[in-house]
Amino acid sequence: MPKKYKKPVISHHDIAISKTASHEKPICIMVTTRYGLRSGTCSIDEAAIWCDQDERTIKQWLNNKTIPDKVAAQLLAIYVAGVLPWESFEGFRIMDDGKMIDTVGHSHSFAEIQERGHYWAENQRLRALLEAYKATFKEQETKERPVRSKPTLRLVK
C-alpha cells in the first residue's frame, strides 16, 4: 500500500504577493489558511532582507504575482502576515508585540508554548517508562505462576 503524505498546512502556492498603492510599503503578502485570509505589508528592502534575495528578485515576484521559492514564501508569511506555516501551529498568528494568538483568540507568549512543549516531552517520557514497567510486571507475573505441562484428571465420588 503506498504511503500517504500529508499536505503541508500552508504551501507556497497559498501565499500571494501583490503591489499596494503606498510608496512606503509597496508589498502586500496574502496568506490563505482554512481560518481565513491573513495579510500584511512591507517594503521591498524588508522583503529582500527577510528572504535573503536581491531587490530585483522581489520586483520580479511582484510582476509575476507569485513567489516560486517555498522557503521565501513561508518566511514572508511569518514576518509580514504573522502566520505560522507549520502543522503544530495551524491557525496561530503572531502579533507585533510578540504574542501568539490561537484559533479562538487566546494569546500565548513564546515562553508559555516552550514550557508546554517541555511538559509534553516529559509526559511522553513518563508514559514510555510506565509502559516499560507494565511490560516487566506482566513478565514477572507469568514467571511466578506454575504452568502444568499435562492436565490431570481427578475422579470425584
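Keep in mind that what you see is a predicted model, and the values were worked out from it rather than measured. (Residues numbered from 1 in each chain as written. Predicted model: local features only at pLDDT ≥ 70, side-chain atom pairs only at ≥ 80, totals over all residues. Heavy atoms only, no water.)

1. Some points on the layout of surface pockets
Now for step 1: Counted as a void, the largest pocket has a volume near 160 Å³.
Now for step 2: Considering the residues around the largest pocket, the lining is formed by 13 residues, among which Tyr79, Val80, Gly82, Ile94 and Asp96 are closest to the centre.
Now for step 3: Looking at side-chain class alone, the lining of the largest pocket contains eight nonpolar, two polar and three charged residues. (1 Å grid on protein atoms, 1.4 Å probe; cavity = no way out; pocket = protein on both sides within 12 Å on 5 of 7 lines; lining within 4 Å. Points joined across faces, edges and corners; volume = space filled by probe spheres on them. Nonpolar A, V, L, I, M, F, W, Y, C, P; charged D, E, K, R; others polar.)

2. Considering helix H3 (residues 70-79)
Now for step 1: Ala72, Ala73, Gln74, Leu76, Ala77 and Ile78 are the residues of H3 that are buried.
Now for step 2: Its buried side turned inward, H3 meets strand E1 (15-19), strand E2 (27-33), helix H1 (44-51), helix H2 (55-64) and strand E4 (93-94). (Buried < 20%, exposed > 50% of the residue type's maximum accessible area, 1.4 Å probe, protein only. Helix = DSSP H or I, 4+ residues; strand = E, 2+ residues; numbered from the N terminus. Contact = heavy atoms within 4.5 Å.)

3. Some points on unusual backbone geometry
Backbone phi values are negative for most residues with the exception of glycine, while trans is the configuration of most peptide bonds.
Now for step 1: Non-glycine residue Asp52 carries a positive phi angle of around 55 degrees.
Now for step 2: Mapped onto the elements of the fold, Asp52 is located in the loop between H1 and H2.
Now for step 3: Backbone geometry at Lys65 places phi at a positive 60 degrees, although glycine is not the residue there.
Now for step 4: By secondary structure assignment, the location of Lys65 is in the loop between H2 and H3.

4. Some remarks on the side chain of Ser18
Now for step 1: Topologically, Ser18 is positioned in strand E1.
Now for step 2: For Ser18, a relative accessible area of 18% translates into the label buried.
Now for step 3: Ser18 has contacts with Pro26, Ile27, Cys28, Met30 and Leu62, leaving out every residue within four places of it along the chain.

5. Points about the pattern of salt bridges
Now for step 1: The tally for this structure, following the rule as stated, stands at two salt bridges.
Now for step 2: Among the salt bridges present, the one from Arg125 reaches Glu122, with a minimum N-O distance of 2.7 Å. Pair noted here: Arg125 and Glu122 are both in helix H4 (residues 110-144), with a separation of three residues, about one helical turn.
Now for step 3: A salt bridge links Lys134 to Glu131; the shortest N-O distance between them is 3.9 Å. Of this pair, Lys134 and Glu131 both sit in helix H4, three residues apart, which is roughly one turn of that helix.
Now for step 4: For Lys134, a relative accessible area of 45% gives the class partly exposed. (Salt bridge = Lys/Arg side-chain N within 4 Å of Asp/Glu carboxyl O.)

6. Structural notes on a nonpolar patch on the surface
Now for step 1: Taken together, Leu126, Leu129 and Tyr133 make up a surface patch of nonpolar side chains, about 310 Å² in accessible area.
Now for step 2: Structurally, Leu126 is set in helix H4.
Now for step 3: The partly exposed category is assigned to Leu126, whose relative accessible area is 44%. (Patch = residues over 30% accessible without salt bridge, like charges linked within 9 Å, V, L, I, M, F, W, Y side chains within 5 Å. Areas by Shrake-Rupley, 256 points an atom, 1.4 Å probe, with all protein chains shown as cover.)

7. Some details on the sheet that holds strand E3 (residues 36-42)
Now for step 1: Spatial ordering of the open sheet is given by E1-E2-E3, a layout of three strands whose pairing is antiparallel. Only two strands of the sheet have a single neighbouring strand rather than two, namely E1 and E3. Taking each pair of neighbouring strands and ignoring which way they run, the sheet shows an average axis angle of 20 degrees.
Now for step 2: Bridging between E2 and E3 involves seven bridges; their strand directions are antiparallel. (Pairing = 2+ DSSP bridges. Axes fitted to C-alpha atoms, helices over the stretch in contact; angles between N-to-C directions.)

8. Thoughts on the pairing of E2
Now for step 1: Of all the seven residues making up E2, five are buried; the element is thus mostly covered by neighbouring parts of the structure.
Now for step 2: When E1 meets E2, the two strands line up antiparallel, connected through five bridges. Residue pairing for E2: Ser18 is matched across the bridge by Cys28.
Now for step 3: Counted along the chain from E2 to the antiparallel partner E3, the turn is two residues long.

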